[in-house]
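Descriptive structure summary
One letter stands for each residue in the lines below.
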Amino acid sequence: MARKKIALVTGGYSGEAAISYKSAITVANNLDISQFDVYKIDIAKDGWWYLPDEQSRIAVNKADFSITLSDESVHFDAILMCIHGTPGEDGKLQGYFDLLGLPYTSCDAATSALTFNKRYTVAVAAFSGVKVAKSVHVFKHSPISPEAVLEQLQLPVFVKPNNGGSSIGMSKVTEASELQAALDKAFLEDNQLLVEEFIAGREFTIGVFKSKGVITAMPITEIITEEAFFNYEAKYQGKSQEITPAQLDDATRLAIENAAKKVYEVLNCRGVVRIDFIVNSSNGLPYMLEVNTVPGQSAASIIPQQVKAMGWNLPDFYAALIEEALTTIA
Ligand SMILES: Nc1ncnc2c1ncn2[C@@H]1O[C@H](COP(=O)(O)OP(=O)(O)O)[C@@H](O)[C@H]1O
Ligand SMILES: [Mg+2]
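Here the structure is a predicted model, which is why all the values come from computation and not from measurement. (Residues numbered from 1 in each chain as written. Chains lettered and ligands numbered in written order. Predicted model: local features only at pLDDT ≥ 70, side-chain atom pairs only at ≥ 80, totals over all residues. Heavy atoms only, no water.)

Scanning the chain for helices and strands turns up 10 helices and 18 strands. Its C-alpha atoms give the chain a radius of gyration of 20 Å, within 12% of the compact-globule value 20 Å for 330 residues. Principal-axis analysis of the C-alpha atoms places the extent of the chain at approximately 65 × 45 × 35 Å. Looking at the chain as a whole, 52% of its 330 residues qualify as buried. By element, 52% of the accessible surface of the chain is carried by carbon and sulfur atoms, the whole surface being about 14800 Å². (Helix = DSSP H or I, 4+ residues; strand = E, 2+ residues; numbered from the N terminus. Rg over C-alpha atoms; globule rule 2.2 N^0.38 Å. Buried < 20%, exposed > 50% of the residue type's maximum accessible area, 1.4 Å probe, protein only. Areas by Shrake-Rupley, 256 points an atom, 1.4 Å probe, with all protein chains shown as cover.)

In structure tokens, the structure reads:
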């Protein structure tokens, strides 16, 4: 069988680009070259580039996402999505690839756009019966006073940019007098915010993927952080411990797995996603925080750890994601 031509799409326009490049290195090193010809494509603000090696770059033809090499024109069989943040995790590139009829490994355009909005994600998840924190959605164009927010929510609350990633601009607020400053800080990152009641309890994150029609929940990871929450320093500067598989009683493990699979199903996800939960210490139930539709794949990232804990190797895992994309006509 001829090898499939795979575009490994990395970079992106947000601050998460640096992490996307690291993810792409792991993925590139773990793609089975007997099955796939891999082309690394950098989606950067100054253009879209095929990177044949460290020194050169060749512009991508945006009309059909092809590349022209000296002796041939390359059209891809599938796109392996490895961009965290816009435009690869929020539905924009997904819509473009849909228009071109090119299959890709991530969730479709609608699901990517919806899950990039944390408030809409928890709203849909709650519809499926999964627990979520009580929250208020705040827009810059319609300012709301801290008092009005606290009429609807109990302290402590968590303030976060609605579309952000990597925990930038977030705060935990324990005193009413701190809320305005937290809103102002988060508005520096986004035009809409989510104010949520703080859920006290153990924090977990779980990968979920679909292969050959079967939705699989991966081994759960517990996040233990020295910081006040799983913030940027905890995520990327080693100030947290990640334990895979998490030490859990069977009932709690099953409750998290079932909630994760339900969220994957209700949101019609595709590929591998990673869903964050807090098990509320007051009632023992998992509360969903958010869905990451292009989770990190760097050597230190959680999904590669969960793949190993599942007893799989990365080349088989990435091949399964590509196979699933190839069988999905957008
Ligand atoms: N409602 C909440 N209650 C308690 N902790 C929260 C809440 N929302 C977020 N957190 C903490 O903040 C971290 C980041 O929030 P999250 O919604 O996962 O955003 P992101 O990972 O995109 O920055 C979580 O991992 C968790 O530690
Ligand atoms: Mg998160």
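Turning next to the packing of helix α9 (residues 302-309) against helix α10 (residues 314-326). Where α9 meets α10, the closest approach of the two axes is 10 Å, and the angle between their N-to-C directions is 105°. With respect to α10, the axis of α9 lies roughly perpendicular. The residues of α10 that touch α9, namely those facing Ile303, Pro304 and Val307, are Leu314, Phe317 and Tyr318. Here the contact of α9 with α10 is built from residues that sort into six nonpolar, no polar and no charged. (Axes fitted to C-alpha atoms, helices over the stretch in contact; angles between N-to-C directions. Parallel < 35°, antiparallel > 145°, perpendicular 65-115°, else oblique. Contact = heavy atoms within 4.5 Å. Nonpolar A, V, L, I, M, F, W, Y, C, P; charged D, E, K, R; others polar.)

Quick look at the domain arrangement of the chain now. With domains assigned, the chain is organised as domain 1 (4-106), domain 2 (117-130 + 200-292) and domain 3 (135-197). Each of domain 1 and domain 3 has a C-alpha centre, and the two are 35 Å apart. (Domains from an automatic or database assignment.)

So, on to the nonpolar core. Judged by nonpolar contacts, the single largest core of 25 residues is most densely connected at Ile206, Ile256, Val263, Val273, Ile275, Phe277 and Met288. Those elements that place two or more of their residues in this core are α4 (118-127), β13 (201-211), α8 (250-266), β17 (273-280) and β18 (286-292). Looking at which element gives the most residues to this core, the answer is α8, with five residues. When neighbours within four sequence positions are excluded, Ile256 is seen to be in contact with Phe204, Ile206, Ile220, Leu248, Phe277, Val279 and Pro286. (Core = buried A, V, L, I, M, F, W, Y, C linked by side-chain atoms within 4.5 Å.)

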